[in-house]
Amino acid sequence: MAHALHYNSPRAEKPFIKVNCGALPENLIESELFGYEPGAFTDARHQKKGRFELAHGGTLFLDEVGELSPATQVKLLRVLQEREFERLGGVRPVKVDVRLIAATHRDLEAAVRAGTFREDLYYRLHVFELFMPPLRERQADILLLADHFVEKIASAQGKDVRRISTSAIDMLVAYHWPGNVRELENAIERAILVSEGGVIHAHHLPPSLQTAEVSGTLPATGLGDAVAAFERDLLQDTLKSARGNRARAARLLRTTERILNYKIKKYGLEPERFKTP
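Report follows, based on the coordinates. (Residues numbered from 1 in each chain as written. Predicted model: local features only at pLDDT ≥ 70, side-chain atom pairs only at ≥ 80, totals over all residues. Heavy atoms only, no water.)

Topic: helix α4 (residues 70-82)
Worth spelling out the cut-off: The way it works is that DSSP assigns letters per residue, a run of H or I at least four long becomes a helix, a run of E at least two long becomes a strand, and they are numbered from the N terminus. Under the convention used throughout, the expected extent of a helix is 1.5 Å for every residue step, that is, one less than its residue count. Note on exposure labels: buried denotes an accessible area under 20% of the residue type's maximum, exposed denotes more than 50%, and partly exposed covers the range between, all computed with a 1.4 Å probe on protein chains only. Arc definition: directions from the helix axis to the C-beta atoms.
Between its terminal C-alpha atoms α4 stretches 19 Å, which fits the 18 Å expected from 13 residues at 1.5 Å a residue. Along α4, the residues classified as buried are Thr 72, Gln 73, Leu 76, Leu 77, Val 79 and Leu 80. The buried residues of α4 occupy one face: seen down the axis, they fall within an arc of 160°. Every exposed residue of α4 that faces more than 90 degrees away from the buried side is listed here: Pro 70 and Ala 71. Arg 83 lies just past α4 and shows a positive phi near 55°.

Thoughts on the packing of aromatic side chains
We count it as follows: Two rings from Phe, Tyr or Trp (for Trp, the six-membered ring) form a pair when their centres are within 6.5 Å of each other. A pair whose planes differ by under 30 degrees is stacked, one over 60 is edge-to-face, and the rest are tilted.
If you walk through the whole model with that rule in mind, you get 7 aromatic pairs. Residues Tyr 7 and Phe 16 carry aromatic rings whose centres are separated by 6.0 Å and whose planes lie at 45° to one another, so their mutual orientation is tilted. Relative to Phe 85, the ring of Phe 52 has its centre 6.2 Å away and its plane inclined at 45°; by these criteria the two rings are tilted. Taken together, the residues span a long stretch of sequence, with Phe 52 in helix α3 (residues 51-54) and Phe 85 in strand β5 (residues 84-85) at a distance of 33 residues. The pair formed by Phe 52 and Phe 85 is uniform in burial state, with each residue classed as buried. Taken together, Tyr 7, Phe 16 and Phe 61 form an aromatic cluster joined through their ring pairs.

Structure below.
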């Protein structure tokens, strides 16, 4: 969302700088945000520009802003109010023109009440709020994101993976995604790594998605039913790849058309659905 806001704004040609506030140690966050002058501390031999300075004219995205310490919150508030700061160890004010986008998984209103997040900083940040519902509440987004990650990751890894099978789709949609989009991306990356053909099947997904107790997607069936479900899924995916052409599907499955037709009738499949108009 932060990328979309930046690259669809008048600042699109200017820098987009990201900082994960939760990933930086307390003793580094200040120098990362504001930079430092030579001699500011033992290893500071040269001047270093901070993220605010690097984002001048563009956008600075502070992820997990709720993790900032009280001391850093004070300095961030000053930048937002006065649009200037001093580098660590410096005395000359540095003026910046930055659009700030902040994100957090914490309830900042509750943090303000608890005294762990400054109220004045909260209202400075809270100019326009966008609430991102958890992925489990956006089922329509799951397949769009999964297809995007398949294309992106398969290209990066040089693998010819193009589709997600019906059973894998059912599993993705049914899962509750406590890790949200990052977990979905990791699941797709794992599936692409272990897949052997051009399709991601249910058994390629992480074990957490395949556990009935966790995802609710695998019913407690016997071996025969499980094999039949896998066979039906494989037949349907192959017919999709063959655009409903039974002869081609039989060749892809290394079987005969007679056996394929028997299986199609057994599982009530409709190859005509997959024919290209």
